[in-house]
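These are the residues of each chain, in order.
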Amino acid sequence: MRTDLEPLKRRFPQLGSLSAATWVSRVLTLNTRPEVPGPTDVSLEGVAQVEPATLVAITSSGRWEEIPIACGVPEEITAEVGDPTRWLHSKAFDESITRTQYSGSFYFDKQAGRVYFCTINPKVRVES
């Protein structure tokens, strides 16, 4: 389990200035060890505290629906996430972050000011 913010800020700058996070990263493989040579898929999942103004800005536009977290929550961070059933989600927001370069979903808890993210192979965001 990790709590550092910089890897998240580099991958998800649209989430603004995150103030706390708990997350995990895993190598995804069918075998007990990654195949060599070749690319390896990595998942990055966790929950982070979002600044109130950023949360309002993100969730006040577009189409959002209240749904359960669909990607499952890793056991290591279940206690940090709490109830996974009532989070705001927008497919358009997901695409604005992933830019269809990788798989990812972002769920927001407005009451607690948090975002839950579940991604596969998230890219470091380089603004052009």
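Quick summary incoming for the structure in this document. Sequence order as written defines residue numbering, which begins from 1 separately in each chain. Note on the predicted model: pLDDT of at least 70 is required for a residue's local features to be given, and 80 or more for side-chain atom pairs to be given and counted; whole-chain, interface and lining totals, by contrast, use all residues. Neither water nor hydrogens contribute to the side-chain values; these are computed over all heavy atoms in the structure.

As for the nonpolar core
Working definition of a nonpolar core: buried Ala, Val, Leu, Ile, Met, Phe, Trp, Tyr and Cys residues. They are joined through side-chain atoms within 4.5 Å. For the exposure calls, accessible area comes from a 1.4 Å probe over protein chains only, and a residue counts as buried if that area is under 20% of its type's maximum, exposed if over 50%, partly exposed in between. The biggest cluster of nonpolar side chains holds 21 residues, and the ones touching the most others in it are L8, F12, L15, F93, F106, F108 and F117. Listed by contribution, the elements that provide at least two residues to this core are β1 (20-28), β2 (41-49), α2 (52-59), α4 (91-98), β5 (103-109) and β6 (114-120). Should any heavy atoms of two residues lie within 4.5 Å, those residues are counted as being in contact. Among residues more than four places away in sequence, those in contact with F108 are L15, L55, I58, T59, W64, W87, L88, F93, R114 and V115. Listed in part, the nine residues of the second largest apolar core include I69, V81, Y107 and Y116. Under the DSSP-based scheme used, a helix requires at least four consecutive residues in state H or I and a strand at least two consecutive residues in state E, with every element numbered from the N terminus.

Some details on the pattern of salt bridges
Each reported salt bridge corresponds to a side-chain nitrogen of Lys or Arg within 4 Å of a carboxyl oxygen of Asp or Glu. For the structure on display, the rule yields four salt bridges. The salt bridge involving E66 is made with R86; its shortest N-O contact spans 2.9 Å. Of this pair, E66 sits in strand β3 (residues 65-67) while R86 sits in the loop between α3 (78-81) and β4 (87-89), and the two are 20 residues apart along the sequence. Its salt-bridge partner being R114, residue D109 comes within 2.9 Å of it at the nearest N-O pair. For the pair D109 and R114, one class covers both residues: buried.

Digging into the environment of A20
Turning to its location among the elements, A20 is positioned in strand β1. In sequence terms A20 and Q49 are 29 residues apart; their C-alpha atoms lie 5.2 Å from each other. Contacts of A20, omitting those with residues within four sequence positions, involve L5, V47, A48 and Q49.

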